[in-house]
Amino acid sequence: MRKAHIISIGNELLIGDTVNTNASWLGGILTESGFYVERVFTLPDDYTAIQNQVDHSFQTADVTIVTGGLGPTHDDITKKAVAELLDCKLIQDERVHHHVKKIFETRQYVFTQANADQALVPDRCEVLFNKQGTAPGMWFQKEGRYLAVLPGVPYEMKYLMKEEVKPRLVKCFPGGEIMVTEYFKTAGIPESTLSDQIGSLVEFENNGVAVAYLPGTAGVTVRISASGRDGDEAARKLGKLKQVISKRAGDSLYGHGKDFRLAEMVGNILAEKKLTLATAESCTGGLLANSITDIPGSSAYMLGGLITYSNEMKIRHLNVPEEDIKYQGAVSKIVALRMARGVAEKCGADIGVSATGIAGPGGGTKQKPVGTVWMGFWIEGKHFALKTVFTNDRLLNKERTVMVILDTLRRQLLGLESFPYHLKPQFA
C-alpha cells in the first residue's frame, strides 16, 4: 500500500497550547484514499528540524502532507525553509496577491508588507489557491513522490486538502487499493459491555477486516474497515459484518457515520413525530440546549429552554414549590420532575426535560456526592426521573448528563423499554 507521512509544524502543538486536530483529520482522509499513514511528526518552528524531516519524508513516503507555519508572523518559517531545502526562489503570485489584498480591503484592515508577502511562493511549486484564507498551499513533485504544504488553520487546510490535494492524489495514484470505513454510533453502554455484547469478530478480522472500539463522552463508536481493488470490493467485505454489529449492538445503536450525533438522531425523531421540546437546566448550564440547537433545522422542534441555576429561578420560573427544595434539596427526584413538567407547560411543549446535579469539584455530601445528577422527563404525559452518579470532573459530568438525557429521549420516542446504562426510572 502507498505510504503517507504527515508533518505538523508549530511550537504551540508541542507545548499544549493547541490540540493537533489537523493530523487526526488528515489521517482519516488519507486512509480513505487508500494510503497507509506510516508516520505522523510534530515539529517546532525550527529551520533545521523542518528541513531535515521534510527532506526525509519526501524521499521515503509516496506523499507527504505538511501543515502549519505559512502565516505572516515572524515564527511562520515553513515556506522559507521548504523553499531553501528544494532550492527554490520565492516569487510573487499575482492571483494570490490580488486575493489577499481584496480580503483586507473588504474588511477595512491595513494591508501591510507582511500580508503582501503571503503571495510569495516557491518558483518550482504548483500553487494551491486558498479561497478560504490568505496563505496559499504548495504542491511539489519529484521522481514519483509528492509533497503538499498547507496552512495550519483547520478550515483552510481542510478546504485545500479536499479541493486541491485529493484530486491530485487521485490523478497521480490511479488504481491501487481503496479503503472503505464505516462507523456505528452507540450510546448508553460502556465500551467493555458493548464489546462483550457484540462478541468475537475474529472470523471477519481474519478475512482482512479491521474492527476498533472508540470510546468518548458521547458514547462508543465502532469502526470497521476493509480494503479492496475498488470501493465495491471493499464494501462487500463489510456486508455481513455490518449486519452482525447492527443486530448485536441492540438498543444502544443510534446511527451510522463518523460525524453523526445523538442530538441529530433525537431531532430527526422529534421532527418526524411533529413533537416539540423544551429544556430546564441547572447543572448543565445550557449545554443540553446548545447540543440540540447545534443541529440545523432544530427550530422545527426546539421551542426554548431555561437555565434555572439558582433555587429562586427554579421557584419563580418553573413553579417548583419552595418546600420541595427546602426538604428534598435542589438535587432531588421531586425537583427534577417539577422542572421537566414546569418547562414543558411554560413553553407549551409536548416534551420537557431537566437536569439538576452537583457538577463538582466541590459541593458534594455523603448522601449526595459530587457527580450526583437527577434528570427529569415529561414526555406526552409520562413523568419520570433518572438518577446517576458520574465523576469528580465538572465538564465531564455536564457532557455525560446531556448524553444520558438525549439517549433517554431517543429510546422513549422509539418506544424502546431499555434505558441508558440500565438506569431505573423513578415515576412521579
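Now for a description of the structure that goes with this document. Remember, predicted model here, so these are calculated numbers, not experimental data. (Residues numbered from 1 in each chain as written. Predicted model: local features only at pLDDT ≥ 70, side-chain atom pairs only at ≥ 80, totals over all residues. Heavy atoms only, no water.)

1. Observations concerning the sheet that holds strand 1 (residues 2-9)
The following threshold applies: In this description, strands pair whenever DSSP reports at least two bridges between them. In DSSP terms, a helix is any run of H or I states spanning at least four residues, a strand is any run of E spanning at least two, and both are numbered starting from the N terminus. Between N-to-C directions, angles cover 0 to 180 degrees, with each direction set by a line fitted to C-alpha atoms, over the stretch in contact for helices. In what follows, a contact means two residues having at least one pair of non-hydrogen atoms within 4.5 Å.
Spatially, 2-1-3-8-7-6 is the arrangement adopted by the 6 strands of the open sheet, whose pairing is mixed. The open sheet has two edge strands with one neighbour each: strand 2 (35-43) and strand 6 (126-128). Within this sheet the neighbouring strands show an average axis-to-axis angle of 20 degrees, counted without direction. In this sheet, strand 7 (residues 137-142) lies alongside strand 6 in antiparallel orientation, the contact comprising 3 bridges. Bridge pairing in strand 7 places Glu126 opposite Trp139. Across the face of the sheet, helix 3 (residues 47-60) comes into contact with strand 1, strand 2, strand 3 (63-67), strand 7 and strand 8 (145-150) while running at roughly 170 degrees to strand 1.

2. Describing the environment of Ile91
Along the chain, Ile91 turns up in strand 4 (residues 90-92). Taking the C-alpha atoms as reference points, Ile91 and Thr48, 43 residues apart in sequence, are found 23 Å from one another. With residues up to four places along the chain from it excluded, the contact list for Ile91 reads Ala119, Leu120, Val121 and Asp123.

3. Brief notes about the packing of aromatic side chains
The line we're drawing: Only Phe, Tyr and Trp rings are paired, with Trp represented by its six-membered ring, and only when their centres lie within 6.5 Å; those with planes under 30 degrees apart are stacked, over 60 edge-to-face, the remainder tilted. Accessibility here uses a 1.4 Å probe with only protein chains present; expressed as a share of the type maximum, an area under 20% marks a residue as buried, one over 50% as exposed, and anything in between as partly exposed.
Evaluation of the coordinates by the stated rule reveals 9 aromatic pairs. Ring geometry for Phe35 versus Phe173: centroids 5.2 Å apart, planes at 85 degrees, classification edge-to-face. With Phe35 in strand 2 and Phe173 in the loop between helix 7 (154-172) and strand 9 (178-186), this residue pair connects regions lying 138 residues apart in the sequence. For the pair Phe35 and Phe173, a shared accessibility class is recorded, and that class is buried. On the basis of an interplanar angle of 75 degrees and a centroid distance of 6.1 Å, the ring pair of Phe104 and Tyr109 is categorised as edge-to-face.

4. Some remarks on the sheet that holds strand 15 (residues 351-357)
In space, the 6 strands of this open sheet follow the order 14-13-15-16-17-18, with mixed pairing throughout. Both edges of this open sheet fall to strand 14 (302-307) and strand 18 (426-427), since each of them pairs with a single strand only. Where strand 13 (residues 277-281) meets strand 14, 5 bridges bridge the pair, whose relative direction is parallel. Bridging from a neighbouring strand, Thr279 pairs with Gly305 of strand 14. Contacting strand 13, strand 14, strand 15, strand 16 (372-379), strand 17 (382-389) and strand 18, helix 15 (residues 333-347) runs over the sheet at an angle of about 145 degrees to strand 15.

5. Here we look at the pattern of salt bridges
The following threshold applies: Here, a salt bridge means any side-chain nitrogen of Lys or Arg that lies within 4 Å of a carboxyl oxygen of Asp or Glu.
Inspection of the entire model under this criterion finds 9 salt bridges. We note a salt bridge from Glu164 to Arg168, for which the minimum N-O separation is 2.9 Å. Note that Glu164 and Arg168 are positioned in helix 7 at a spacing of 4 residues, about one turn of the helix. When its relative accessible area of 18% is taken as the criterion, Glu164 is described as buried.

6. Things to note about the pairing of strand 1
Within strand 1, 7 of the 8 residues are buried, leaving the element largely enclosed by the surrounding structure. Sheet analysis places strand 1 next to strand 2, joined by 8 bridges and oriented parallel. Directly across from His5, in strand 2, lies its bridge partner Arg39. Here strand 1 runs beside strand 3; their pairing, made up of 5 bridges, is parallel. Bridge pairing in strand 3 places Ile6 opposite Ile65.

7. With respect to unusual backbone geometry
Here the amide bond leading from Gly360 into Pro361 is cis, since omega sits at 5 degrees, within 30 degrees of zero. Residue placement: Pro361 occurs in the loop between strand 15 and strand 16. Its identity is not glycine, yet Tyr421 carries a phi of approximately 55 degrees, on the positive side. Relative to the helices and strands, Tyr421 is located in the loop between helix 16 (394-413) and strand 18. Overall, the relative accessible area of 33% leaves Tyr421 in the partly exposed class.

8. Looking at a positive patch on the surface
Worth spelling out the cut-off: Only residues whose relative accessible area exceeds 30% and that form no salt bridge enter a patch; like-charged residues are grouped when within 9 Å of one another, and nonpolar side chains (Val, Leu, Ile, Met, Phe, Trp, Tyr) when within 5 Å. To measure how exposed things are, a 1.4 Å probe is used in the Shrake-Rupley method; for residues, cover is taken only from the protein chains shown. The charge count includes Lys and Arg as positive and Asp and Glu as negative, but it does not include His or the ends of the chains. A single reference atom marks each charge: NZ on Lys, CZ on Arg, CG on Asp, CD on Glu.
Residues Lys158, Lys162, Lys166, Arg223 and Lys258 make up a contiguous surface patch of positive charge. For the positive patch, the leading source of residues is helix 7, giving 3 residues. Structurally, Lys158 can be placed in helix 7.

9. Quick look at the state of the cysteines
Put simply, the rule is: Note that a disulfide, as used here, is simply two cysteine sulfur atoms within 2.5 Å.
Summed over all chains, the structure comprises 0 disulfides. The structure places no disulfide on Cys125, whose sulfur is separated from the nearest cysteine sulfur, that of Cys88, by 7.3 Å. You can see Cys283 has no disulfide; the closest cysteine sulfur is in Cys347, sitting 18 Å from it.

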